[in-house]
Amino acid sequence: MEVLVRLIKDRFGVVVTFGPGSIVYKETIARAVEGVGHFEPLRHYAEVHLLLSPAERGSGITVTSTCSEDVLDKNWQRLIATHVEEKEHRGVLTGSALTDVKVTILTGRAHVKHTEGGDFRQATYRAIRQGLKSTESVLLEPYYSFILQVPMEYVGRAMTDLEQRFARAESPQFATTAAREMATITGKAPVATMQDYVSLVHAYTKGLGHLTLELWGYDECHNPAEVIAQMHYDSEEDFRNPTGSVFCAHGSGYVVPWDEVPEHMHLPYVYHGDESEEALAASARTQNAFSAEDAQALAGNRRRTSFEKAVSGMSSVELDAQLADVYAREFGMGKNDIAEDQRRKWSGKKKNEYEGLSGKPRTVKHDKHGNPIYPKKSPGEEYLIVDGYNIIFAWEDLKELSRINIDSARDALKDVLSDYQGYKGCHLLLVFDAYKVKGNAGKRETFHNIEVVYTKQDETADAFIEKTVFGIRDRYKVTVATSDGLEQQTVMSLGALRMSARELKEHIEMTKRNGMEAFISG
């Protein structure tokens with residue numbers, strides 16, 4: 001080191017000093033645990049269950065799966081495995097790298113419309129952290145394997161030193177070399193305690209002893225409490241590696257701490273003890289019995305409980321005032337104003353085609369050639385835009401059909417809407433998401449008497465609907481059929497009417513019934 005310090009000073013004029021160096025710690029776990037990660041902000045969804053098991057020293061992080069493809073598609077499972085391997089995960093004791101853990105994908109859930117690759121990344125990271133918080137972690141430190149050769153008269157001193165340095169030594173082996181009887185001691189010891197021992201051996205053996213050190217790997221730390229106290233790491237303050245999960249209620253996401261995740265998760269636990277991989281796979285397959293309706297029912301119960309707690313102490317006057325504030329904040333008008341506005345729009349009353357909002361005749365403008373520019377006539381025709389997948393997963397019959405074949409569910413919806421258009425005579429546009437299809441340029445087709453659009457890559461159905469509403473709102477009375485609350489607010493701000501999936505179904509049934517009665521009576 002002295003030679004290196006002098007060379008740097010002579011060549012670069014910089015004085016360099018070397019310290020003793022620091023130890024790179026790692027962490028692992030002592031017992032198996034099932035970690036759960038859930039990521040569900042608005043319009044995102046993913047839940048992952050991972051089994052974290054202790055592995056052999058030096059094996060690193062390994063990934064396997066016992067999850068059936070009937071429960072979670074293979075492409076999602078590959079994505080989860082990629083997210084496990086792509087990052088150096090942090091432990092919860094000191095924030096050191098996690099190692100020697102076998103990760104098994106037990107089960108998971110995706111949403112047909114809202115799940116994206118990044119959702120499973122977040123759910124996977126959070127599942128690992130939640131599992132680490134739920135089990136016993138072990139701090140690891142690097143170890144040397146050593147060969148210590150000393151004259152026989154120094155064996156007692158050497159064995160005492162090694163014991164004080166927390167070494168695990170074998171019994172000395174004696175041999176005579178160069179007319180001197182020497183003892184050879186082998187074993188392994190923590191790097192932290194052996195860094196300065198080479199010079200000490202040379203000193204007390206008067207240069208006759210020799211110590212060879214080679215990095216062995218990682219093993220349990222000899223003083224974990226002291227190291228953890230020195231590191232001052234708080235896993236709950238590590239915002240880059242969160243331990244909790246994100247759930248959704250009332251159209252917005254909220255964070256659930258790691259110890260409360262089991263009360264909110266949508267899938268039950270798979271691991272209940274020391275099961276074999278076959279037993280885990282069989283347990284995971286039973287997740288099909290826990291349907292999406294069950295998850296929604298649980299979420300609904302939780303939302304109702306929190307709402308009941310919030311309003312339990314309010315009088316009816318206070319509750320009405322709070323609801324009025326919500327309407328004013330979200331829609332810019334009160335509940336009665338919204339109802340009156342919708343009634344007025346549905347009444348079909350037309351203004352004079354050449355009158356402005358003030359009721360006064362408009363002034364005819366001219367282009368640069370002097371030709372008059374007359375405003376476009378508003379025929380007042382109805383234009384219904386339907387969010388296809390939102391309706392499919394809101395209607396029970398189509399949702400059941402989609403579990404068997406999503407193409408059949410789409411065809412069934414097109415048939416229903418085609419019949420409805422025949423009764424109503426309105427313009428009808430059905431929009432399906434296809435933004436995840438790589439290289440998709442979008443597609444527009446005519447199905448009997450309705451238009452069907454499949455959005456292009458990276459364009460959601462919501463974005464297409466909003467763009468369409470903005471383009472035709474001055475020429476038609478536009479209604480958007482969707483149960484997406486945020487999308488309803490957006491299209492209303494653009495001047496369109498909203499219609500929920502339930503209202504659309506009721507309107508279709510009523511129109512068919514009235515049409516059949518008119519046909520029979522006529």
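All values reported here derive from a predicted model rather than from experimental measurement. (Residues numbered from 1 in each chain as written. Predicted model: local features only at pLDDT ≥ 70, side-chain atom pairs only at ≥ 80, totals over all residues. Heavy atoms only, no water.)

Engineer: When you look at the environment of K456 in this model, what are you seeing that I'm missing?
Structural biologist: Assignment of secondary structure puts K456 in the loop between β19 (450-454) and α16 (461-472). Classification of K456 by relative accessible area gives partly exposed; the value is 41%. Considered as a pair, K456 and G439 are 17 residues apart in the sequence and their alpha carbons are 8.2 Å apart. (Helix = DSSP H or I, 4+ residues; strand = E, 2+ residues; numbered from the N terminus. Buried < 20%, exposed > 50% of the residue type's maximum accessible area, 1.4 Å probe, protein only.)

Engineer: Please explain the side chain of D433 as it appears in this structure.
Structural biologist: Among the structural elements, D433 can be located in the loop between β17 (427-432) and β18 (443-447). There is a polar contact of 2.4 Å between the side chain of D433 and the backbone nitrogen of A461. Residues in contact with D433, not counting those within four places in the same chain, are K113, Y389, T455, E459, T460 and A461. (Polar contact = N/O pair within 3.5 Å; in protein donor to acceptor, adjacent residues only side chain to side chain. Contact = heavy atoms within 4.5 Å.)

Engineer: Whenever I open this one, the sheet that holds strand β20 (residues 477-481) confuses me. Can you help?
Structural biologist: Two orientations exist for strands paired in a sheet by backbone hydrogen bonds: parallel and antiparallel. The strand order across the open sheet built from six strands is β18-β19-β17-β16-β20-β21, with neighbouring strands paired in mixed fashion. Since the sheet does not close on itself, it has two edges, and those belong to β18 and β21 (497-499), each with one partner. Taken over all neighbouring pairs, the strand axes of this sheet differ in orientation by 20° on average, direction set aside. Sheet topology places strand β16 (residues 382-387) next to β20; five bridges connect them, and they run parallel. Bridge pairing in β20 links E382 to K477. Set on the sheet, helix α15 (residues 406-424) makes contact with β16, β17, β18 and β19; between it and β17 the angle comes to about 165°. Along the sheet, α16 contacts β16, β17, β18, β19 and β20; its crossing angle with β16, the most-contacted strand, is approximately 170°. (Pairing = 2+ DSSP bridges. Axes fitted to C-alpha atoms, helices over the stretch in contact; angles between N-to-C directions.)

Engineer: Looking at this structure, how should I read the environment of G21?
Structural biologist: Within the element layout of this structure, G21 appears in the loop between α1 (2-12) and β1 (26-29). Remark: the alpha-carbon pair of G21 and A192, spanning 171 residues in sequence, is separated by 9.4 Å.

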